[in-house]
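Understanding the architecture of this molecule
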Amino acid sequence: MDITYIILIPLIPFSVFLLLGIFNQQIKPAISGYIGVIGLSISALLSYYAAYQYFFVYGKVDEVYQTFVKKTVWMNFTDTLHIDMGILVDPISVMMLVVVSTISLMVHIYSRGYMKGDDGYTKFFSFLSLFTFSMFGLVLATNLFQIYMFWELVGVSSYLLIGYYYTKTSAIAAAKKAFIVTRFADFGFLIGILIIGYYTGTFDFETLNNPEGSAILNWASTSYMGLSVITWALLLIFMGGAGKSAMFPLHIWLPDAMEGPTPVSALIHAATMVVAGVYLVARLFPMYYFVEDGFALKIVAYVGAFSSLFAAIIAVTQTDIKRVLAFSTMSQIGYMMLALGVSGYKGIEGVGYMASMFHLFTHAMFKALLFLCAGSVIHAVHSNYLKDMGGLRKYMPITNITFLIAALAISGVPPFAGFWSKDEILVAAFENNRLLYYVALFVAGLTAFYMFRLYFGIFWGKETKYEHIPHESPLSMTFPLLFLAFMSIVAGFVPFSELVTADKIGFEGHMDYPLAVVAVAIGLTGIIIAWLFYKKENDLAAIFSSFFGIFYKWTSNKFYFDEIYLFVTKKIIFDHVSTPIARFDKKYVDGTMEGIGNKTVLISNKIKGLQSGRLQDYAFFFVGGVVVLALVFIYIWTN
Amino acid sequence: MDILSLFVIVPVLTILALVFTKDLKQARITAMIGSLVQLGMAIHLIFSYFEERAVNKSIMLFTQDRVWFEHFNIHFATGVDGISAALLLLTSIIVLAGVFISWKIDDLPKEFFISLLVLATGVYGFFISIDLFTMFVFYEIAVIPMYLLIGIWGSGPKEYSAMKLTLMLMGASAVLLVGILGIYFNSNANGGALTFNILEISKVYIPFVAQKLFFPLTFIGFAVLGALFPFHTWSPDGHASAPTAVSMLHAGVLMKLGGYGIFRIAMFLLPEGAKEWSWFFIILSAIGVIYGAFGALKQTDLKYINAYSSVSHLGMVLFALLMLNKTAWNGAILQSLSHGFMTALFFALIGMIYGRTHTRDITKLGGLLKVIPFISVINVIAGLASLGLPGFSGFVAEMNIFVGAFQHDELFYRVATIISVSAIVVTAVYILRVLGIMLMGPINNAEFLDLPKTTWYEITGILLLLIPMIGMGVAPLWLSDMIMASIQPFIKGVLKF
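Positions within a chain are numbered from 1, following the residues in the order the chain's sequence is written. As they are written, the chains are lettered A onward and the ligands numbered 1 onward, keeping that order. For this predicted model, a pLDDT threshold of at least 70 governs which residues receive local features, and a threshold of 80 or more governs which side-chain atom pairs are given and counted, while totals over whole chains, interfaces and linings are taken from all residues.

1. Regarding the overall build of chain B
For chain B, the helix and strand inventory stands at 19 helices and two strands. Its C-alpha radius of gyration of 22 Å places chain B within 12% of the 23 Å reference for a compact globule of 497 residues. In terms of overall dimensions, chain B has a C-alpha envelope of 75 × 60 × 45 Å along the principal axes. With C-beta atoms placed from the backbone, a contact is any residue pair whose C-beta atoms sit within 7 Å. In chain B, the share of contacts with a sequence separation of at least 24, taken over all contacts with a separation of at least 6, comes to 79%. Runs of H or I in DSSP of at least four residues are treated as helices and runs of E of at least two as strands, each being numbered from the N terminus. When we talk radius of gyration, it's over C-alpha atoms, and the globule rule is simply 2.2 Å times the number of residues to the 0.38.

2. Thoughts on the environment of F184(A)
Position of F184(A) relative to the elements: it lies in helix α6 (residues 169–200). Between the C-alpha atoms of F184(A) and T402(A), which are 218 residues apart in sequence, the distance is 38 Å. Excluding residues within four positions of it along the chain, F184(A) makes contact with G243(A) and V425(B).

3. Quick notes on the UniProt feature "domain: NADH:quinone oxidoreductase/Mrp antiporter transmembrane" (unreviewed entry) in chain B
UniProt positions are given in the numbering used here, feature names are shortened, and annotations may be inferred rather than shown by experiment. Per the UniProt annotation, the sites labelled "domain: NADH:quinone oxidoreductase/Mrp antiporter transmembrane" (unreviewed entry) are residues 130–418 of chain B. Annotated as 78% helix and 0% strand, the span residues 130–418 of chain B places its first and last C-alpha atoms 36 Å apart.

4. Looking at the interface of chain B and chain A
The accessible area lost on association of the parts is a frequent measure of interface size. Counting from both sides, the interface comprises 40 residues of chain B and, opposite them, 38 residues of chain A. Contributions of two or more residues to the side of chain B that touches chain A are made by α6 (158–185), α11 (271–298), α13 (326–357), α16 (393–405), α17 (411–438) and α19 (477–495) of chain B. When residues in the side of chain B that touches chain A are grouped by element, the largest group, nine residues, is from α17(B). Here the residues of the side of chain B that touches chain A are counted per class, giving 26 nonpolar, eleven polar and three charged. The nonpolar class holds Ala, Val, Leu, Ile, Met, Phe, Trp, Tyr, Cys and Pro. Asp, Glu, Lys and Arg form the charged class, and all remaining residues, Gly among them, are polar.

5. Looking at the nonpolar core
Looking at soluble globular proteins, one finds that nonpolar side chains tend to be buried together. Residue and element names in this part refer to chain A. Counting 425 residues, the largest nonpolar core has A368 and A440 as its most contacted members. Element by element, the count of residues in this core is highest for helix α16 (residues 351–381), at 21 residues. Contacts of A368, omitting those with residues within four sequence positions, involve I103, M106, A266, A270, A271 and L484. Think of a nonpolar core as buried Ala, Val, Leu, Ile, Met, Phe, Trp, Tyr and Cys residues chained together by C-beta atoms that fall within 7 Å. Neighbour counting defines burial: a residue surrounded by 20 or more other C-beta atoms within 10 Å of its own C-beta is buried, one with 12 or fewer is exposed, and intermediate counts give partly exposed, using backbone-placed C-beta atoms.

6. Brief notes about the packing of helix α17 (residues 397–410) of chain A against helix α19 (residues 434–459) of chain A
All names here are of chain A. The axes are straight lines fitted to the C-alpha atoms, using for helices just the contacting stretch, and the angles between their N-to-C directions are given from 0 to 180°. Contact geometry for α17 and α19: axes closest at 9 Å, N-to-C directions at 170°. The angle between the axes of α17 and α19 places the two elements in the roughly antiparallel class. Residues N400, F403, L404, A407 and I410 of α17 pack against T447, M451, F452, Y455 and F459 of α19. Of the residues that constitute the contact of α17 with α19, the class distribution is eight nonpolar, two polar and no charged. Note that the term roughly parallel is reserved for angles under 35 degrees, roughly antiparallel for angles over 145, roughly perpendicular for angles of 65 to 115, and oblique for everything else.

7. Some remarks on the confidence of the model for chain B
Residues and elements named next belong to chain B. Here chain B averages 87 in pLDDT, while 99% of its residues score no lower than 70. The predictor's confidence in any single residue is recorded as pLDDT, a number from 0 to 100. When pLDDT is averaged over each element of chain B, α16 comes out on top at 92 and α19 at the bottom at 82. Complex prediction metrics read pTM 0.90 and ipTM 0.91.

8. A look at the environment of I348(A)
Residues and elements named next belong to chain A. Along the chain, I348 falls in the loop between α15 (321–341) and α16. Under the C-beta neighbour-count criterion, I348 is labelled partly exposed, with 15 such atoms within 10 Å. Separated by 155 residues in the primary sequence, I348 and D503 place their C-alpha atoms 9.8 Å from one another.

9. A few points about unusual backbone geometry
Between P414(A) and the following residue, P415(A), the backbone shows a cis peptide bond with an omega angle of 5°. The topology assignment puts P415(A) in the loop between α17 and α18 (417–432). Note the cis peptide between F229(B) and P230(B), where omega equals 0°. Tracing the backbone shows P230(B) in the loop between α8 (208–223) and α9 (234–241). Despite not being glycine, A246(A) shows a phi value in the positive range, around 55°.

10. Overview of the UniProt feature "domain: NADH-Ubiquinone oxidoreductase (complex I) chain 5 N-terminal" (unreviewed entry) in chain A
Look at the UniProt record and you will see "domain: NADH-Ubiquinone oxidoreductase (complex I) chain 5 N-terminal" (unreviewed entry) annotated at residues 74–125 of chain A. As annotated, residues 74–125 of chain A has a helix share of 56% and a strand share of 21%, and its two end C-alpha atoms lie 29 Å apart.

11. Description of the pairing of strand β4 (residues 82–89) of chain A
Residues and elements named next belong to chain A. Pairing between two strands is assigned when DSSP locates at least 2 bridges connecting them. Inspection of the sheet shows strand β3 (residues 68–76) paired to β4 by eight bridges, in the antiparallel sense. Across the sheet, residue T72 finds its bridge partner in β4, namely M85. Linkage of β3 to β4, two consecutive antiparallel strands, is achieved through a turn of five residues.

12. Comments concerning the packing of helix α4 (residues 109–128) of chain B against helix α10 (residues 244–269) of chain B
Helices that pack against each other are described as a pair by the angle of their axes relative to one another and the distance between those axes. Residue and element names in this part refer to chain B. The N-to-C vectors of α4 and α10 enclose an angle of 15°; their axes lie 11 Å apart at closest approach. Looking at the two axes, α4 sits roughly parallel to α10. Seen from above, α4 lies across α10 with left-handed handedness. Residues L116, L119, V123 and F126 of α4 lie in contact with α10, whose contacting residues are A245, L249, V253, L254 and L257. Residue composition of the contact of α4 with α10, grouped by class: nine nonpolar, no polar and no charged. Here a crossing is taken to be left-handed if its near helix is turned anticlockwise relative to the far helix by less than a right angle, and right-handed if that turn runs clockwise.

13. Points about the confidence of the model for chain A
When pLDDT is averaged along chain A, the result is 86; 99% of the residues meet or exceed 70. Per-element mean pLDDT across chain A ranges from 70 in helix α23 (residues 540–548) of chain A up to 93 in helix α12 (residues 276–283) of chain A.

14. A short note on α10(B)
Residues and elements named next belong to chain B. Here α10 contains 26 residues, and its C-alpha end-to-end distance of 36 Å stays within 8% of the 38 Å for a straight helix at 1.5 Å per residue. The angle separating two fitted axes, one through the seven residues that finish at a residue and one through the seven that start at it, defines the bend at that residue. Along α10, the sharpest kink reaches roughly 35°, centred on H250. Of all 26 residues making up α10, 26 are buried, and the element is well covered by its neighbours. How far a helix is expected to stretch is found by multiplying one less than its residue total by 1.5 Å.

See the structure below:
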């Protein structure tokens, strides 16, 4: 299969970025929007074409999906280690191309309406293009270093877009926080890469992931503190993934990241960048699975499950609609991690891997939709808070219906997309680890509850007195909503088990009816409780939350994690490391140097009296010197 | 006239021409033409180097040798390899950018440009020499004008800073001279004559005792200029008081003399001493990397921030040199180049911001992105480059250093490496802090609402520095291969033992 044209998919947004970035002042806003949308449409069409070609025409040889690679050396480290730049085409990268280009295109179209009249309109589109380019580069990466490079680039695009409203103090702080927390995670990622490079002699995914290759077979050759060094490396790489994917305890940046414009939240912080961590683990899945009997993979599963539960609990109490969605995203990504963590490798045992990718795909559609709906609502009522909303279904029929579809999808109601992928995750968890299965099931119930709390709170409930009558958004915004709503219905029917699997050999998908019935029942329970609490104004919710007392307070304060981090960074690092270092530098290090200088002055002041200009003094020193020298020489000679 | 001596002759001719200029206009045009010629020569040198390298496999190319002091066997011996060629290019670019940045200097312009070019002459001479004594002379030529440049054209406590900087660097030169003489007096170990020629000495086995004694002297002598902890304190004060172009040149190229000298003299001629002492200096340089970064976190003066950031980034250079392997050395040279462009750019931007707002205190600045968008955007780019974003030169250099340092698997090296790597996090913190406070947020001073627009010479200066930085980051292969090939003969000497 000729994959050369796939290089164009990232290069088009990159050219758009350069064009809009350099001629920022010269290009009219209306035109820059078109340039962005047209550029991305081409990328999207190429992605769909590539997906068609790969999955249905050329990709399969002897029932196995092949990996196609095209690369060139970018920099040499040693004779064996080098960074390559290139593209790698396999089921997950093609799937990600489709996800990224679809969501990005929709967000581009949506932004033309949402950002209308904004000062930095052109700048906004150039940043979107930069992000899209980096994300394409990330998914197509052929080796660990290349993925790390684009990983950093998506991080910086995220920084620029969160801080887009750069005169707002909270936005700057949020952007900074996001970058620094993920950078801290990337520190682990980088060390992990260095370990892999040193012990396996390669950064190449193909070589690393070969189950019969030396990287996997020799994992036991060196160990450190009771674990194989390769396991350590995988754990550190997962740290990078956990940072980007907002897994506990590195999740704190994601809620704040909602300071960015809503289309950005939909694209970066819901559908694409935040799932990069899942993608990274999936990319190295054979390593995670085979090295040390999947020890690192178990950690992935537990971290994912815990984050999923943790975030879902917090989401229940948040009042800012974007933050509810942010915690929901974190929870759903935890789901994907969990699914990867409980997955096997061969055939149907790899159902977890398949389910994870499947959920990534469907989640991208309905979560982006939820964010875009939220953007539409915020656009109409100029507030992020639930208390300022209510009864909007009359004013915004399209947003109402599309939000409902997305909420049904995420709650796992058949036949919407989320039902199919969530069901596979539950199957995988059920067969592998009962504890995690029950956690996942509970989270499913919570998800349905908080999502419908949101839905009823926004579109039903008590009608707020609006200063301006809210109205439905323009077509440029509703079209993406309708398209994504359509996708949220049909995405579940994609036969993932035949296309995207761990061993790249498809298997027959099946439906586990008892499990599905339980899951749907749990989901519907959540929805019904939300309906009772929030459809009409009543006290049930308040009574219920007071029942939880202090726990409710903790939860609504996100378990004080922000405060803990702030304490560590501000109080400990800034005040107790950095400040003393600055003082130490001035006082002791510099002081010593100054001291040497001052002592020299002192000594020279003392001895400058010797140079008095009086002949008698000189004669005295002369004679004295001769005597001393004579004594010294005599002493040496006599010995 | 050979291609290398011109690097000294052209600046000297420019200086002579400058003597006859009458006012700022003539002086800056003369200086610009002189620097432009040098840039042309440096580019020409790179191309000729590739041509010559294809047919000539000796360590140094374009070698020339003229006797200077016959009695002590001192020669004016010149030659370049890929490393010095790259550094010459760096120097010529920064000198030219420095001239553009000083376009409007109104105080004693003629004398200013003369001093600047004297400094440049010293640096060029240092990079082309392969004779220890000549190198030392050029080193001094480069350092001494700093005193005048800071003392006369500086700001703040300029006399104090100038004195501090000069005294500390002079003290270091004294130590260095002892080291160099130590090498010289051992250069006849295999029965030949005493010599200062680096290539000759490299063929001699200097006794282990002498290596052990003179390596630390030579290393420290150069490392003070490379801001080795705890000898870095001249740098923040010196930079804070120096005028913009001087800071650019000083941090951009002069500080690179330290790393280059260590590489060319200390490591190459005293490899056993290097092995013996590396653990000690690794500790100091790793401390410097993290210490500089934490130091920068607390500062509020832009120049202090950049000076501490230089301590951190150049600590990385020394750290890499001490790793004694190809990859790390490649990283050290790349980091020297990258830091040269980056820090010169930073100082240029600081100068522009200071020139407009008359403050360098970040707490008094804010929202500059709105009033001086071009300078601010470049500042963001430079900041991102400084924190090692892929696509810029810093990333390429740092990754070479880290991968190189990771080739040692003793626990000591591992710990030192991880400490150095952790600087990428702290760097991100202090860079984003500065960008956040200075460029973003609301404008908190009504006087800043209307600041002068960027001028053509400022833009030219910025682009001169920005383009190589991006070029190196996007397509590093030719440069890194060129440097790697030149490191080969050097690493052999070290690995022999």
